[in-house]
Amino acid sequence: MSNSVRTHTPRPVTTAARPEPDPRWWALPLAGTVLAPGLAFAASRPDHLFAGRPFLLCGGLLLAYAVVLPSWFLPRTTAGRRRRGDLVLAGCACAAGLPSLLTALGWTVFLVMLFTGHVDG
C-alpha cells in the first residue's frame, strides 16, 4: 500500500467558442431565389429563345435552383455567409449563362457538322 495522498482537483470547464449567429442569414439565399428567374428570362429574351426553345429557360432555372438551394440549409452563422454568397453567385451565373452557352454550343456543333459534310445545308 502506498501512503500517497492524492487530492482531487476538478478540471476547469472550458466552453467552446460558439459561432456567432447571423441575424440576416436569409438575405443572400432569398436574393438568389428571386434573382435567378429574372436573369434566366433576361438571358433568353434577346434571341427569343424562350418562345422557340423553352427548355433553355427551364434548364437554366432548374440548374440555378439546384445550386442556390443548399444555401438555405447551410449553418446560419457569420462564418457561412461567404459560402452562401458563393452559391448564390454561382446559381445566378448558371441562370444567366446557360441559355447563351447552349446556343453557342449548338451553333458550334452545327457548323462543324456542316463543314465536315454531315449536314445538307
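Heads up: these notes are all about the structure in this document. (Residues numbered from 1 in each chain as written. Predicted model: local features only at pLDDT ≥ 70, side-chain atom pairs only at ≥ 80, totals over all residues. Heavy atoms only, no water.)

1. What about the packing of aromatic side chains?
Okay, step 1: In the structure shown here, the tally under the stated rule is 2 aromatic pairs.
Okay, step 2: Ring plane angle 85 degrees and centroid distance 5.9 Å describe the contact between Trp-25 and Trp-72, whose orientation is recorded as edge-to-face. Taken together, the residues Trp-25 in the segment before helix 1 (27–44) and Trp-72 in the loop between helix 3 (54–68) and helix 4 (81–115) connect sequence positions 47 residues apart.
Okay, step 3: Residue class for Trp-72 comes out partly exposed when judged on its relative accessible area of 25%.
Okay, step 4: Centre to centre, the rings of Trp-107 and Phe-110 are 5.9 Å apart; their planes meet at 85 degrees, and the pair counts as edge-to-face. A residue pair is termed a helical-turn pair when its members lie 3 or 4 positions apart in one helix, as Trp-107 and Phe-110 do in helix 4 at 3 residues.
Okay, step 5: Its guanidinium or amino end placed over the ring of Trp-25, Arg-76 lies 3.8 Å from that ring's centre, counting from NZ or CZ. (Phe/Tyr/Trp six-rings, centres within 6.5 Å; stacked < 30°, edge-to-face > 60°. Helix = DSSP H or I, 4+ residues; strand = E, 2+ residues; numbered from the N terminus. Buried < 20%, exposed > 50% of the residue type's maximum accessible area, 1.4 Å probe, protein only. Lys NZ or Arg CZ within 6 Å of the ring centre and 35° of its normal.)

Purely geometric numbers; function is a separate question.
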